[in-house]
Amino acid sequence: MKTQIPTPDAHQDMREALRDLCGRFDSAYWQKVDTERGYPEAFVDALTEAGWLAAMIPTEYGGSGLGLTEASVVMEEINFSGGNAGSCHGQMYNMGTLLRHGSPAQKQQYLPGIASGKLRLQTMAVTQPTTGTDTTQLKTTAVRKGDRYVVNGQKVWISRIQHSDLMNMVNHETNEVFFDNLEIPAENLVGQEGQGFRYILDGLNAERTLIAAECIGDAYWFVDRARRYASDRVVFNRPIGQNQGVAFPIADSYIETEAANLMRFKACALFDASQPCGGEANMAKYLAAKASWEAANVCLQTHGGFGFAHEYDVERKFRETRLYQVAPISTNLIYSYVAEHLLGLPRSF
């Protein structure tokens with residue numbers, strides 16, 4: 001094939017190293033994990049040992065000291081390789097609240113362990129049964145009693161908690177969590193009491209941008225698989241990709257993915273420059289999730305019945321990328337954010 005997807009860029013050395021690592025975990029590996037509804041422990045361990053999940057942790061704590069831009073390339077390449085970065089992306093950004101708002105002592109206590117992978121921080125617990133997306137109505141409480149906080153409440157749809165050693169409170173294997181008089185030492189409080197909600201929101205821009213990068217990786221994977229199959233599959237004595245009805249939707253998906261990719265890198269650049277990027281992060285997530293889902297549909301349609309065959313990986317990736325229309329933030333909430341904060345329209349809720 002003449003075209004290389006993604007197009008070579010300034011991060012090509014990183015991409016080649018990541019492709020080498022991800023290439024050790026082939027389709028059979030991911031198919032087995034999916035069939036068993038398991039967790040890709042060996043893959044996550046390999047990423048951790050190579051230091052990729054510590055990309056955003058400063059070098060003084062054992063990390064790589066890289067920015068969100070580079071971290072997003074890691075997520076993109078995992079998904080472009082046919083894997084699923086959703087199994088480990090929490091380790092990449094969950095430490096952000098501690099990094100930005102923790103005390104020097106807290107950073108020294110926890111960040112080196114997170115960087116090395118000895119301390120897993122894969123999950124955040126936000127969603128509750130009766131509140132869902134409306135995080136202003138959370139019912140779980142943390143009440144100060146002497147030198148401790150006592151936590152009571154319930155969380156649902158909590159991903160990867162069985163693969164985490166620590167858990168902070170914001171979200172595929174999912175779990176339900178109950179807090180029944182859980183005592184937490186007061187010195188574990190990150191930042192100032194009462195500011196936790198703001199701290200969490202501060203970190204969601206990184207989460208949404210990294211999710212966008214995962215969707216970009218998925219979208220490129222779908223486009224690549226579709227173009228390959230359309231070039232090789234011969235029906236009526238001609239490759240099906242010679243038909244505009246097949247070729248044009250693939251071309252459309254590539255165009256949409258390239259456009260979403262630009263917004264992803266804009267959001268990364270603003271975040272790395274410590275500039276406001278809420279709008280860009282939300283729009284990047286929206287555009288990338290939309291591009292990946294539409295590319296998934298095109299890829300499945302291009303493959304026809306073979307798209308539903310387990311060994312082609314299309315239906316697995318189809319299921320995985322569909323999640324990002326509703327998580328970690330739904331499309332409707334992004335519309336609401338843009339309408340209110342970028343266009344100045346009245347708040348709708």
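Please refer to the structure placed before this passage.
Okay, so let's go over this structure. Every value quoted in this text rests on a predicted model; they were computed, and no experiment measured them.

Quick notes on empty space enclosed by the protein
In this approach a probe as big as a water molecule rolls over the atoms, and the regions it shows empty are the leftover space. Empty space within the second largest cavity amounts to approximately 30 Å³. Lining the second largest cavity are Leu47, Thr48, Gly51, Trp52, Leu53, Ala54, Gln91, Ile114, Ala115 and Gly117. For the lining of the second largest cavity, the secondary-structure elements that each account for two or more residues are helix H3 (41-49) and helix H7 (104-116). Of the residues assigned to the lining of the second largest cavity, the class counts are six nonpolar, four polar and no charged.

Focus on the packing of helix H4 (residues 68-80) against helix H8 (residues 196-232)
Where H4 contacts H8, the two axes come as close as 7 Å, and the packing angle between them is 35 degrees. Seen from above, H4 lies across H8 with right-handed handedness. Together, Leu68, Ala71, Ser72, Met75, Glu76, Asn79 and Phe80 of H4 and Ala206, Thr209, Leu210, Ala213, Glu214, Ile216, Gly217, Asp218, Tyr220, Trp221 and Asp224 of H8 make up the contact between the two elements. Classifying every residue of the contact of H4 with H8 gives 10 nonpolar, four polar and four charged.

Some points on the pattern of salt bridges
Inspection of every chain in the model, using the stated rule, returns 17 salt bridges. A salt bridge links Asp313 to Arg316; the nearest nitrogen and oxygen atoms lie 3.3 Å apart. Overall, the relative accessible area of 2% leaves Arg316 in the buried class.

A short note on H4
Across its 13 residues, H4 extends 18 Å between first and last C-alpha, which sits within 8% of the 18 Å expected from 1.5 Å per residue. Burial runs high along H4: 13 of the 13 residues are buried. Of the residues one or two after H4, Gly82 is the one with positive phi, at around 105 degrees.

Observations concerning the environment of Leu287
Checked against the element boundaries, Leu287 lands in helix H10 (residues 278-303). A relative accessible area of 31% places Leu287 in the partly exposed class. Between the alpha carbons of Leu287 and Ile216 there is a distance of 9.2 Å; along the sequence they are 71 residues apart. Excluding residues that lie within four positions of it along the chain, Leu287 makes contacts with Ala260 and Met263.

A look at the environment of Ala291
With respect to the element layout, Ala291 can be found in helix H10. Taking the C-alpha atoms as reference points, Ala291 and Phe271, 20 residues apart in sequence, are found 22 Å from one another.

Some details on a nonpolar patch on the surface
A contiguous nonpolar surface patch, about 300 Å² in accessible area, is contributed by Leu342, Leu343 and Leu345. Its location among the elements puts Leu343 in the segment after helix H12 (331-342).

Brief notes about the packing of aromatic side chains
One pass over the full model with this rule turns up nine aromatic pairs. An angle of 85 degrees between the planes, with centres 5.4 Å apart, marks the rings of Tyr29 and Trp30 as edge-to-face. Taking relative accessible area as the criterion, Trp30 reaches 4% and is therefore assigned buried. Here Trp30 and Phe43 contribute two aromatic rings whose centre-to-centre distance is 5.0 Å and whose plane-to-plane angle is 70 degrees, an arrangement assigned as edge-to-face.

Examining the nonpolar core
Generally speaking, soluble globular proteins have nonpolar side chains that are buried together. Grouped together as the largest cluster of nonpolar side chains are 47 residues, with contacts concentrated most on Phe43, Met75, Ile78 and Met92. Contributing elements (two or more residues each) for this core: helix H1 (12-22), helix H2 (27-35), H3, H4, helix H5 (89-93), H7, H8 and helix H9 (244-272). Among the elements that take part in this core, H4 stands out by supplying six residues, more than any other. Within the second largest apolar cluster, 32 residues are counted, among which are Ile5, Phe80, Val223 and Ala284.

As for the packing of H10 against helix H11 (residues 314-322)
Packed helices, taken two at a time, are described by the angle between their axes plus the distance between the axes. Following both chains from N to C, one finds H10 and H11 inclined at 160 degrees, their axes separated by 9 Å at the closest point. Here H10 is positioned roughly antiparallel relative to H11, judged by the angle of their axes. Relative to H11, the crossing made by H10 is left-handed. Each of Ser292, Trp293, Ala296, Asn297, Cys299, Leu300 and His303 in H10 lies in contact with H11, whose residues at this interface are Val314, Phe318, Thr321 and Arg322. Residue composition of the contact of H10 with H11, grouped by class: six nonpolar, four polar and one charged.

What counts and what doesn't
- Residues numbered from 1 in each chain as written.
- Predicted model: local features only at pLDDT ≥ 70, side-chain atom pairs only at ≥ 80, totals over all residues.
- Heavy atoms only, no water.
- 1 Å grid on protein atoms, 1.4 Å probe; cavity = no way out; pocket = protein on both sides within 12 Å on 5 of 7 lines; lining within 4 Å.
- Points joined across faces, edges and corners; volume = space filled by probe spheres on them.
- Helix = DSSP H or I, 4+ residues; strand = E, 2+ residues; numbered from the N terminus.
- Nonpolar A, V, L, I, M, F, W, Y, C, P; charged D, E, K, R; others polar.
- Axes fitted to C-alpha atoms, helices over the stretch in contact; angles between N-to-C directions.
- Left-handed = near helix turned anticlockwise from the far one by under 90°.
- Contact = heavy atoms within 4.5 Å.
- Salt bridge = Lys/Arg side-chain N within 4 Å of Asp/Glu carboxyl O.
- Buried < 20%, exposed > 50% of the residue type's maximum accessible area, 1.4 Å probe, protein only.
- Expected span 1.5 Å × (residues − 1).
- Patch = residues over 30% accessible without salt bridge, like charges linked within 9 Å, V, L, I, M, F, W, Y side chains within 5 Å.
- Areas by Shrake-Rupley, 256 points an atom, 1.4 Å probe, with all protein chains shown as cover.
- Phe/Tyr/Trp six-rings, centres within 6.5 Å; stacked < 30°, edge-to-face > 60°.
- Core = buried A, V, L, I, M, F, W, Y, C linked by side-chain atoms within 4.5 Å.
- Parallel < 35°, antiparallel > 145°, perpendicular 65-115°, else oblique.

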